[in-house]
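# Observations on the model geometry
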Amino acid sequence: MPIPVPDLRALGVEVARLRHEQGMSIDRLAEAAEVHRKSIIQIEAGRVAAKISTLHGIAHALGVPLPELVAPICARHPKSVRVPTPIV
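Described in the following lines is the structure provided in the data block. Just so it is clear, the structure is predicted and the values come from calculations on it, not from any experiment.

## Focus on helix 2 (residues 26–33)
- All of the buried residues in helix 2 are Leu29, Ala30 and Ala33. The buried side chains of helix 2 occupy one side of the element, clustering within an arc of 100 degrees when seen end-on.
- For helix 2, the elements touching its buried residues are helix 1 (8–21), helix 3 (37–44) and helix 4 (52–62).
- One or two steps after helix 2, the chain reaches Glu34, where phi turns positive at roughly 60 degrees.

Spelled out as C-alpha cells, the structure:
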C-alpha cells in the first residue's frame, strides 16, 4: 500500500485558524514558537513540510497538543490496517 501524501494545506489552514482564534499575528506566533516569520507564512500556505521540531514549537506557542495540530494532515487518509510483525 503506497504511503498517502500529507495534506499540508489542511495543516496550514489549521495553524492559521488557531492563530486567528487567539488573536495572534504571524510575527507574534513566530516569536513564541522561536521560528522565522517566513516559516509560519510557508506553513500556513501549505508550501512546506515543516520539521517536527518546528511543529512542536508552533503547537506549544498555540497551547494545543501536537497531535491536535497535525491531525488535519492525515484526516482524509483511509485508516491503514497494521499487520503485526512476527517475532523471530
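Right, picking up where we left off after that structure.
## Let's talk about the environment of Ala32
- Structurally, the position occupied by Ala32 is in helix 2.
- As a C-alpha pair, Ala32 and His60 span 28 residues in sequence and 8.4 Å in three-dimensional space.
- Not counting chain neighbours up to four residues away, the residues in contact with Ala32 comprise Met24 and Ala61.

## Considering the packing of helix 1 against helix 4
- Put simply, helix 1 and helix 4 touch, their axes get as near as 10 Å, and they point 25 degrees apart. Considered as vectors, helix 1 and helix 4 are oriented roughly parallel to each other. As helix 1 packs across helix 4, the resulting crossing turns out to be left-handed. For the pair formed by helix 1 and helix 4, the contact residues are Leu11, Val15, Leu18 and Arg19 on the first element and Leu55, Ile58 and Leu62 on the second.
- Here the contact of helix 1 with helix 4 is built from residues that sort into six nonpolar, no polar and one charged.

Definitions and limits used
Residues numbered from 1 in each chain as written. Predicted model: local features only at pLDDT ≥ 70, side-chain atom pairs only at ≥ 80, totals over all residues. Heavy atoms only, no water. Buried < 20%, exposed > 50% of the residue type's maximum accessible area, 1.4 Å probe, protein only. Helix = DSSP H or I, 4+ residues; strand = E, 2+ residues; numbered from the N terminus. Arc of directions from axis to C-beta. Contact = heavy atoms within 4.5 Å. Axes fitted to C-alpha atoms, helices over the stretch in contact; angles between N-to-C directions. Parallel < 35°, antiparallel > 145°, perpendicular 65-115°, else oblique. Left-handed = near helix turned anticlockwise from the far one by under 90°. Nonpolar A, V, L, I, M, F, W, Y, C, P; charged D, E, K, R; others polar.

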